[in-house]
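Here's the letter readout for the chains.
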Amino acid sequence: MSPSLQINVDKIQYNTATIVERCRRQSISVLGVTKGFTAIEQIVQAVVEGGVDGLADSRMENIIEMRDRGFHLPITLLRIPRLSDVLNVIGYVDTSVNSEFTVIQALADAARTRGRVHQVILMIDVGDLREGLLQENAFRAAVQTAKLQGVKLVGLGTNMGCFGGVLPSTDNLGLLVRLTRAIEHRLGSQLEVVSGGGTSSLLLLENGLLPSGINQLRIGEGILLGTDTTNQRSIPGLHQDAFRLQAEVIELKEKPSLPIGEIGRDAFGNIPQFVDLGNRKRAIVALGRQDVNIEGIWPLTAGITIIGASSDHLILDVTDSETDIRMGNEIAFGLTYSGLLSASQSRYIAKVFIGGRYDRTNTGH
Ligand SMILES: *Cc1c(COP(=O)(O)O)cnc(C)c1O
């Protein structure tokens, strides 16, 4: 059997609905972020049925596919638009996040020629140092944007926990809210959106510490995996096992744990290190670095460890496996966000849907 990504759409819908409800109690809308699974249709459907207010993705290819498949919710583009791509952005996206005035001007020009109004969220860098205007430049950018025809400044946003690993806090999100209020004062009009980050902001929400005024979160990881990597936690009340990866055992042998012969570099240029544990029972499964980011998966069976991987072979030590492993068995793995990202876009991994209307539907995606 091909390796497969088993996707429980009911659990994804449940996670979505749970997060949406928690947010709604505090008057916060939720964008379902689809980039972590390349916007696979059945998963988008589960997220939509979970009640999100809009969808969001970083890739135009995913967004165009969602539109072509008939998803009508508002869509936000989460990566600064490419100057070379503004016509597409105007055509398919309701709102984009921005930090470069040149791009905003180009969006405005393109929108005017199409008789449209494109919505702009200005990204503010409150410390993580990925995208965004520094606070001292936010006023000028907001005033200039508000003057343009073809775009509408709908609010401010920030991103955290990505490049610098900076955690969202009452301080840095409070700063975003204060900046929004000050800009509203200058413009003499209200801004609709104060977008306070992604999954890593849910901890503040759960503890009642999210500054009032934040009224939108953009959630990917929490919905999909029920985890919050930035804060190193499982999110209470959510499913952590909506996804699992399965691959088949193609060799099963006792072998020494130390390779025999002179050690050079492995296929990826690294010098491997080994500890002599005597003879061990090893299984090779038909899965490799070409399919998935191996660092982003772990065996779900207790006692099995990953000891190495090349492009097409994943090598496991199954000596202490809790269940008996046989030739032809499938071994199951859990996935992190990066594991999920890679597995969902591999054309070698079949996507198998469980639950919803899709029970066992298999697509090559
Ligand atoms: C990916 C992304 C998100 C979603 O982050 P999660 O941690 O998966 O919730 C939110 N906002 C922006 C700008 C992103 O790029």
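Conventions we followed
Residues numbered from 1 in each chain as written. Predicted model: local features only at pLDDT ≥ 70, side-chain atom pairs only at ≥ 80, totals over all residues. Heavy atoms only, no water. UniProt positions renumbered as here; feature names shortened; annotations may be inferred. Helix = DSSP H or I, 4+ residues; strand = E, 2+ residues; numbered from the N terminus. Buried < 20%, exposed > 50% of the residue type's maximum accessible area, 1.4 Å probe, protein only. Contact = heavy atoms within 4.5 Å. Areas by Shrake-Rupley, 256 points an atom, 1.4 Å probe, with all protein chains shown as cover. Lys, Arg positive; Asp, Glu negative; His and termini not counted. Charge placed at Lys NZ, Arg CZ, Asp CG, Glu CD. Pairing = 2+ DSSP bridges. Right-handed = clockwise from strand over helix to strand, strands pointing away. Near = heavy atom within 4 Å. Polar contact = N/O pair within 3.5 Å; in protein donor to acceptor, adjacent residues only side chain to side chain. Nonpolar A, V, L, I, M, F, W, Y, C, P; charged D, E, K, R; others polar. Domains from an automatic or database assignment. Buried area = accessible area lost by both parts, 1.4 Å probe. Salt bridge = Lys/Arg side-chain N within 4 Å of Asp/Glu carboxyl O. Axes fitted to C-alpha atoms, helices over the stretch in contact; angles between N-to-C directions. Left-handed = near helix turned anticlockwise from the far one by under 90°. Parallel < 35°, antiparallel > 145°, perpendicular 65-115°, else oblique. Core = buried A, V, L, I, M, F, W, Y, C linked by side-chain atoms within 4.5 Å. Expected span 1.5 Å × (residues − 1).

The protein chain goes by Alanine racemase in an unreviewed UniProt entry, where it is assigned to Anaerosporomusa subterranea. In the Cofactor (unreviewed entry) part of its UniProt record, the protein chain is described as follows: "pyridoxal 5'-phosphate".

The next subject is the overall build of the protein chain. Of the regular secondary structure elements, the protein chain holds 10 helices and 19 strands. With 365 residues in all, the protein chain has 49% of them scored as buried. Within the protein chain, counting contacts between residues at least 6 apart in sequence, those at least 24 apart form 63% of the total. A total of about 16,900 Å² of accessible surface is found on the protein chain, and carbon and sulfur atoms cover 49% of it. Between the averaged position of the 35 positive side-chain charges in the protein chain and that of its 39 negative side-chain charges there is a distance of 5 Å.

Turning our attention to the pairing of strand β6 (residues 118-123). Burial within β6 is extensive, with 5 of its 6 residues counted as buried. Bridge count for strand β5 (residues 95-98) against β6 is 4 bridges, and the pairing is parallel. Residue pairing across strands places threonine 95 opposite glutamine 119, the latter belonging to β6. In this view, the connection linking β5 to its parallel neighbour β6 by way of helix α5 (residues 101-113) has right-handed handedness.

Moving on, we get to the site of the ligand. Taken together, 13 residues form the shell around the ligand, and within it Lys35, Thr199, Arg218, Gly220 and Glu221 come nearest. Within the side chain of lysine 35, one N or O atom sits 2.6 Å away from an oxygen atom of the ligand. In this structure, an oxygen atom belonging to the ligand sits 3.5 Å away from a side-chain N or O atom of tyrosine 337. Across the shell around the ligand, the residue classes tally to 4 nonpolar, 4 polar and 5 charged.

Glancing now at the domain arrangement of the protein chain. Interface size is commonly expressed as the accessible area that is lost once the parts come together. Splitting the protein chain by domain gives domain 1 (9-230) and domain 2 (243-362). Domain 1 and domain 2 are separated by 36 Å when their C-alpha centres are compared. Between domain 1 and domain 2, the residue contacts involve 16 residues of the former and 15 residues of the latter. Summed over both sides, the interface between domain 1 and domain 2 buries roughly 1,400 Å², with carbon and sulfur atoms accounting for 69% of that surface. Broken down residue by residue, the surface that domain 1 buries against domain 2 is led by Val9, Gln42 and Leu225, which jointly contribute 36%. At the boundary of domain 1 with domain 2, the tally comes to 0 salt bridges.

To continue, consider the pairing of strand β12 (residues 243-256). The pairing of strand β1 (residues 4-8) with β12 spans 4 bridges and is classified as antiparallel. Residue pairing for β12: glutamine 6 is matched across the bridge by arginine 244.

The next subject is the side chain of asparagine 231. Note on placement: asparagine 231 falls in the loop between β10 (227-228) and β11 (233-234). A polar atom in the side chain of asparagine 231 sits 3.2 Å from the backbone oxygen of serine 200.

Among the structural elements, serine 346 can be located in the loop between α10 (337-345) and β18 (350-354). Polar contacts involving the side chain of serine 346 include one to the main-chain amide nitrogen of tyrosine 348, which spans 3.1 Å. Those residues within four positions of serine 346 in sequence are excluded, and the remaining contacts are Gln290, Asp291 and Lys351.

For any two helices packed against each other, the geometry comes down to the angle between their axes and how far apart the axes lie. The interhelical angle for the contact between helix α1 (residues 9-24) and helix α2 (residues 41-49), taken along N-to-C directions, is 35 degrees, at an axis separation of 7 Å. The interaxial crossing formed by α1 with α2 has right-handed handedness. On the side of α1, the interface is formed by Val9, Ile12, Gln13 and Thr16, while α2 contributes Gln42, Ile43, Ala46, Val47 and Glu49. Classifying every residue of the contact of α1 with α2 by side-chain character gives 5 nonpolar, 3 polar and 1 charged.

Our focus in this paragraph is the packing of helix α6 (residues 135-147) against helix α7 (residues 170-187). Axis separation between α6 and α7 bottoms out at 10 Å; the angle between their running directions is 40 degrees. One way to sum up the angle between α6 and α7 is to call them oblique. Crossing geometry of α6 relative to α7 is assigned as right-handed. In this structure, α6 uses Gln135, Ala138, Phe139, Ala142, Val143 and Ala146 to contact α7, whose residues at the interface are Leu175, Leu179, Ala182, Ile183, Arg186 and Leu187.

So, about the nonpolar core. Counting residues in hydrophobic clusters, the biggest one holds 91 residues, and the most contacted among them are Phe243, Leu245 and Leu287. Broken down by element, this core gets its largest block of residues, 7 residues, from α5. Lining this core are residues from two domains, each supplying at least three of them: domain 1 (9-230) and domain 2 (243-362). Non-local contacts of leucine 287, meaning those with residues more than four positions away in its chain, are made with Pro3, Leu245, Ala247, Val292, Ile297, Asp312, His313, Leu314, Phe333 and Ile349.

The positions UniProt marks with the feature "domain: Alanine racemase N-terminal" (unreviewed entry) are residues 7-223. Span residues 7-223 is 43% helix and 18% strand, its end C-alpha atoms 13 Å apart.

When the terminal C-alpha atoms of α7 are compared, their 25 Å separation across 18 residues agrees well with the 26 Å that a helix rising 1.5 Å per residue should span. Residues of α7 that are buried include every one of Asn172, Leu173, Gly174, Leu176, Val177, Leu179, Thr180, Ile183 and Glu184, and no others. Against α6, β7 (151-157), β8 (193-195) and α8 (202-206) lie the buried residues of α7. Looking one or two residues beyond α7, the residue adopting positive phi is glycine 188, at roughly 70 degrees.

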